[in-house]
Amino acid sequence: LLADAKSCALLKEETLSFIKANAKAVMESSGWSEVTKSASILTEVLKVVTFVPQSLATDGDDFDEMAVGSLRRKLQEEGLSEDGTREMLVKRLKCHHASE
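The model shown is predicted, which means the values in this text are computed figures rather than measured ones.

Peer 1: Lay out the overall build of the chain in plain terms, naming residues and giving numbers.
Peer 2: The helix and strand inventory of the chain stands at seven helices and zero strands. Reading the helices (α) and strands (β) of the chain from amino to carboxyl end gives α-α-α-α-α-α-α. Overall size of the chain, expressed as C-alpha extent along the three principal axes, is 50 × 30 × 20 Å. For the chain, restricting intrachain contacts to residue pairs at least 6 apart in sequence, the fraction spanning at least 24 positions comes to 31%. Of the accessible surface of the chain, which amounts to about 6,600 Å², a share of 58% is contributed by carbon and sulfur atoms. For the chain, the distance from the average position of its 13 positive side-chain charges to the average position of its 17 negative side-chain charges is 5 Å.

In structure tokens:
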């Protein structure tokens, strides 16, 4: 909730990754009740927990299917900023490839 409120994209990404890896423990924690109060946060958690990338290292330009780590590697290879949310990374790569 703090990462979302303060617009800390990297902290939010790490938090969502932690939730995905430890879903049962997180849902049993006392803080989970705070998370359930926010529909937008719950939606993001569901997207992360249920997201299954087709490939961790997609060869093509199907950025929507790439995992965040793969998106960041691709941005680094292209000499672009790796900062931002998953959606921002996808948009940055799409814009870059459209301008080529």
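Peer 1: How would you sum up helix H7 (residues 86–98)? Please name residues and give values.
Peer 2: With 13 residues, H7 extends 18 Å between its outermost C-alpha atoms, agreeing within 8% with the 18 Å of an ideal straight helix rising 1.5 Å per residue. Among the residues of H7, Leu 89, Val 90, Leu 93 and His 97 are the ones counted as buried. Projected down its long axis, H7 carries its buried residues within an arc of 100°, all on one side. Facing away from the buried surface of H7 by more than 90 degrees, the exposed residues are Glu 87, Lys 91 and Ala 98. Those residues of H7 hidden inside the fold are in contact with helix H6 (68–78).

Peer 1: How would you summarise the packing of helix H2 (residues 9–21) against helix H5 (residues 39–50) if you had to cite specific residues and measurements?
Peer 2: Two quantities define a packed helix pair, namely the angle between the helix axes and the distance between the axes. Here H2 crosses H5 at 60°, and the two axes come no closer than 9 Å. Accordingly, the angle class assigned to the pair H2 and H5 is oblique. As for the relative orientation of H2 and H5, their crossing is right-handed in sense. Across the interface between the two elements, Lys 12, Leu 16, Ile 19 and Lys 20 from H2 touch Glu 44, Val 45, Val 48 and Val 49 from H5. Across the contact of H2 with H5, the residue classes break down as five nonpolar, no polar and three charged.

Peer 1: How would you sum up the pattern of salt bridges? Please name residues and give values.
Peer 2: A side chain of one charge can pair with a side chain of the opposite charge if their charged atoms are brought near each other. Evaluation of the coordinates by the stated rule reveals six salt bridges. For Lys 94, the salt bridge identified is with Asp 64, shortest N-O distance 2.8 Å. Taken together, the positions of Lys 94 in helix H7 and Asp 64 in the loop between H5 and H6 put the pair 30 residues apart, joining distant regions of the chain. For Lys 94, a relative accessible area of 39% corresponds to the partly exposed category.

Peer 1: Describe the nonpolar core, naming the residues involved and giving the relevant values.
Peer 2: Phe 63, Met 66, Val 68, Leu 71, Leu 75, Leu 89, Val 90 and Leu 93 form the largest nonpolar core, which has eight residues in total. Of all the secondary structure elements, the ones that give two or more residues to this core are H6 and H7. Excluding anything up to four places from it in sequence, Leu 93 contacts Phe 63, Leu 71, Lys 74, Leu 75, Glu 78 and Leu 80. Core analysis: the second largest hydrophobic core is formed by seven residues, Leu 16, Val 35, Ile 41 and Val 45 among them.

Calculation rules
Residues numbered from 1 in each chain as written. Predicted model: local features only at pLDDT ≥ 70, side-chain atom pairs only at ≥ 80, totals over all residues. Heavy atoms only, no water. Helix = DSSP H or I, 4+ residues; strand = E, 2+ residues; numbered from the N terminus. Contact = heavy atoms within 4.5 Å. Areas by Shrake-Rupley, 256 points an atom, 1.4 Å probe, with all protein chains shown as cover. Lys, Arg positive; Asp, Glu negative; His and termini not counted. Charge placed at Lys NZ, Arg CZ, Asp CG, Glu CD. Expected span 1.5 Å × (residues − 1). Buried < 20%, exposed > 50% of the residue type's maximum accessible area, 1.4 Å probe, protein only. Arc of directions from axis to C-beta. Axes fitted to C-alpha atoms, helices over the stretch in contact; angles between N-to-C directions. Parallel < 35°, antiparallel > 145°, perpendicular 65-115°, else oblique. Left-handed = near helix turned anticlockwise from the far one by under 90°. Nonpolar A, V, L, I, M, F, W, Y, C, P; charged D, E, K, R; others polar. Salt bridge = Lys/Arg side-chain N within 4 Å of Asp/Glu carboxyl O. Core = buried A, V, L, I, M, F, W, Y, C linked by side-chain atoms within 4.5 Å.

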